[in-house]
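Report on the structure
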Amino acid sequence: MSGKCEFLDSCGFFRNFKGNSEVIKQGWITLYCENREQSEKCARKKYRKEKGTPPPDNMTPTGKLL
Ligand code: SF4
C-alpha cells in the first residue's frame, strides 16, 4: 500500500502524539497515517471532513480519546 494521509502535515494527533507510548503500542501511525487507503477510515479524518474543522489533538484514529 503506498501513500500517506493527506492531512499528515497538519494533523495535531500525528504532530503531537506520534511519540506517545500508547500510540506506538497500537501502531496507529503505520496503520492509518502512513497508509492512504486505510486513512480513509480514520475517525479524525471523518470528523474533519464532516465538521470542516479538526478534532482535538488527543482524539485517536479509532475515535477514542487518549
Ligand atoms: S490521525 Fe488520521 S487524519 Fe491524522 S494523519 Fe493520521 S490518518 Fe490522517
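Just above sits the structure.
Summarised in this report is the structure supplied together with it. (Residues numbered from 1 in each chain as written. Predicted model: local features only at pLDDT ≥ 70, side-chain atom pairs only at ≥ 80, totals over all residues. Heavy atoms only, no water.)

Considering the site of the ligand
Around the ligand, the neighbouring residues are C5, L8, C11, F13, Y32, C33, S39, C42, R44 and P61. More than half of the atoms of the ligand fall within 2 Å of the grid points belonging to the largest cavity. By residue class, the composition of the shell around the ligand is eight nonpolar, one polar and one charged. (Near = heavy atom within 4 Å. 1 Å grid on protein atoms, 1.4 Å probe; cavity = no way out; pocket = protein on both sides within 12 Å on 5 of 7 lines; lining within 4 Å. Sits in = over half its atoms within 2 Å of the grid points. Nonpolar A, V, L, I, M, F, W, Y, C, P; charged D, E, K, R; others polar.)

Let's talk about the packing of aromatic side chains
Aromatic rings in a pair are described by how distant their centres are and how their planes are angled relative to each other. Scanning the model with the defined rule gives two aromatic pairs in all. Taking the centre distance of 6.1 Å and the plane angle of 20° together, the rings of F13 and F17 count as stacked. With a gap of four residues between them, F13 and F17 both fall in helix α1 (residues 12-17), about one helical turn apart. In this structure an aromatic cluster arises from ring pairing among F13, F17 and W28. If you follow R48 out to its NZ or CZ, it ends over the ring of F7, 4.1 Å from the centre. (Phe/Tyr/Trp six-rings, centres within 6.5 Å; stacked < 30°, edge-to-face > 60°. Helix = DSSP H or I, 4+ residues; strand = E, 2+ residues; numbered from the N terminus. Lys NZ or Arg CZ within 6 Å of the ring centre and 35° of its normal.)

Remarks on empty space enclosed by the protein
By the definition in use, this model includes one cavity of 30 Å³ or more. By volume, the largest cavity is sized at about 120 Å³. What lines the largest cavity is a set of 14 residues, among which C5, F7, C11, C42 and R44 lie closest to the centre. Considering every element that reaches the lining of the largest cavity, the biggest residue donor is helix α5 (residues 43-51), with three residues. (Points joined across faces, edges and corners; volume = space filled by probe spheres on them.)

A word on α5
Listing the buried residues of α5 in full gives R44, K45 and R48. Burial along α5 is one-sided: seen end-on, the buried residues are contained in an arc of 100°. α5 presents E50 and K51 as exposed residues on the side facing more than 90 degrees away from its buried surface. Lining the buried residues of α5 we find α1 and α4 (36-39). (Buried < 20%, exposed > 50% of the residue type's maximum accessible area, 1.4 Å probe, protein only. Arc of directions from axis to C-beta. Contact = heavy atoms within 4.5 Å.)

All we've got here are geometric facts, nothing functional implied.
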